[in-house]
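# Architecture at a glance
So the chains spell out like this:
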Amino acid sequence: MKMADEDLQLDHLFAQAQRQRPVLPDDLAVRIQTDAETVRLSCLAPAPRPKPSIWNRLISNVGGWQGLGGLVAASAAGVWIGFSAPTFLPDPANLLTSEETPFLVADLGFDSSFLESTE
């Protein structure tokens, strides 16, 4: 067989296939359409979002990780100042263990002469 004969046979088979189209059964077409509509509607509905945990809600209410970092830094500074207080402030450990009278502003040891009137 020559190449031209094979091409003619192939063209004849393609023409025959175009004339004899397969018929799709009606019930199969209905099932395909129903399934496609179900998939389309499920894609349109938004997926339910999971409820954020208490930790995530707390972090977002504080201002995110930046706000939480600021709170940690301020807390560390407060603890540091509390345990190594300046000399003019009373020692917090002694305040907890001693039974002395409470300190007044004048007892803090810094100059308060600017509060006095000059009259």
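Every value quoted in this text rests on a predicted model; they were computed, and no experiment measured them. (Residues numbered from 1 in each chain as written. Predicted model: local features only at pLDDT ≥ 70, side-chain atom pairs only at ≥ 80, totals over all residues. Heavy atoms only, no water.)

### Thoughts on the overall build of the chain
A count of helices and strands for the chain gives five helices and zero strands. Element order for the chain, N to C, with α for helix and β for strand: α-α-α-α-α. Relative to its full complement of 119 residues, the chain shows a buried share of 3%. Just so you have it, the chain exposes about 11200 Å², and 64% of that area is on carbon and sulfur atoms. (Helix = DSSP H or I, 4+ residues; strand = E, 2+ residues; numbered from the N terminus. Buried < 20%, exposed > 50% of the residue type's maximum accessible area, 1.4 Å probe, protein only. Areas by Shrake-Rupley, 256 points an atom, 1.4 Å probe, with all protein chains shown as cover.)

### Comments concerning the environment of Leu 68
Counting through the fold element by element, Leu 68 comes out in helix α4 (residues 64–83). When neighbours within four sequence positions are excluded, Leu 68 is seen to be in contact with Trp 55, Ile 59 and Val 62. (Contact = heavy atoms within 4.5 Å.)

### A short note on the environment of Arg 57
The topology assignment puts Arg 57 in helix α3 (residues 54–62). Here Arg 57 falls in the partly exposed class, since its relative accessible area comes to 34%. With residues near it in sequence (within four places) discarded, Arg 57 still touches Lys 51 and Pro 52.

### What about the packing of α3 against α4?
As a packed pair, α3 and α4 sit with axes 7 Å apart at the nearest point and diverge in direction by 80 degrees. The orientation of α3 relative to α4 falls into the category roughly perpendicular. Judged by residue contacts, Trp 55, Ile 59, Ser 60 and Val 62 of α3 engage Gly 64, Trp 65, Gly 67, Leu 68 and Leu 71 from α4. Looking at the contact of α3 with α4, its residues break down into six nonpolar, three polar and no charged. (Axes fitted to C-alpha atoms, helices over the stretch in contact; angles between N-to-C directions. Parallel < 35°, antiparallel > 145°, perpendicular 65-115°, else oblique. Nonpolar A, V, L, I, M, F, W, Y, C, P; charged D, E, K, R; others polar.)

### Structural notes on the pattern of salt bridges
For the structure shown, the criterion picks out two salt bridges. Between Arg 40 and Glu 37 there is a salt bridge; the shortest N-O distance is 2.6 Å. Pair noted here: Arg 40 and Glu 37 are both in helix α2 (residues 26–44), with a separation of three residues, about one helical turn. Given a relative accessible area of 43%, Arg 40 falls into the partly exposed group. Taking the relative accessible area as the measure of exposure, Glu 37 reaches 35% and is therefore partly exposed. (Salt bridge = Lys/Arg side-chain N within 4 Å of Asp/Glu carboxyl O.)

### Observations regarding a nonpolar patch on the surface
Side chains of Trp 55, Leu 58, Val 62, Trp 65 and Leu 71 sit close together on the surface and give an oily, nonpolar patch of about 540 Å² of accessible area. Of all the secondary-structure elements, those providing two or more residues to the nonpolar patch are α3 and α4. Tracing the chain through its elements places Trp 55 in helix α3. (Patch = residues over 30% accessible without salt bridge, like charges linked within 9 Å, V, L, I, M, F, W, Y side chains within 5 Å.)

### Here's the deal with the confidence of the model for the chain
Summarising the model, the chain shows a mean pLDDT of 80, and 71% of its residues fall at 70 or more. Mean pLDDT values for the elements of the chain range from 67 in helix α5 (residues 92–97) up to 91 in α3. (pLDDT = per-residue confidence, 0-100.)

### Section: a negative patch on the surface
Where like charges cluster on the molecular surface, the negative patch consists of Asp 5, Glu 6, Asp 7 and Asp 11. Structurally, Asp 7 is set in helix α1 (residues 3–19). (Lys, Arg positive; Asp, Glu negative; His and termini not counted. Charge placed at Lys NZ, Arg CZ, Asp CG, Glu CD.)

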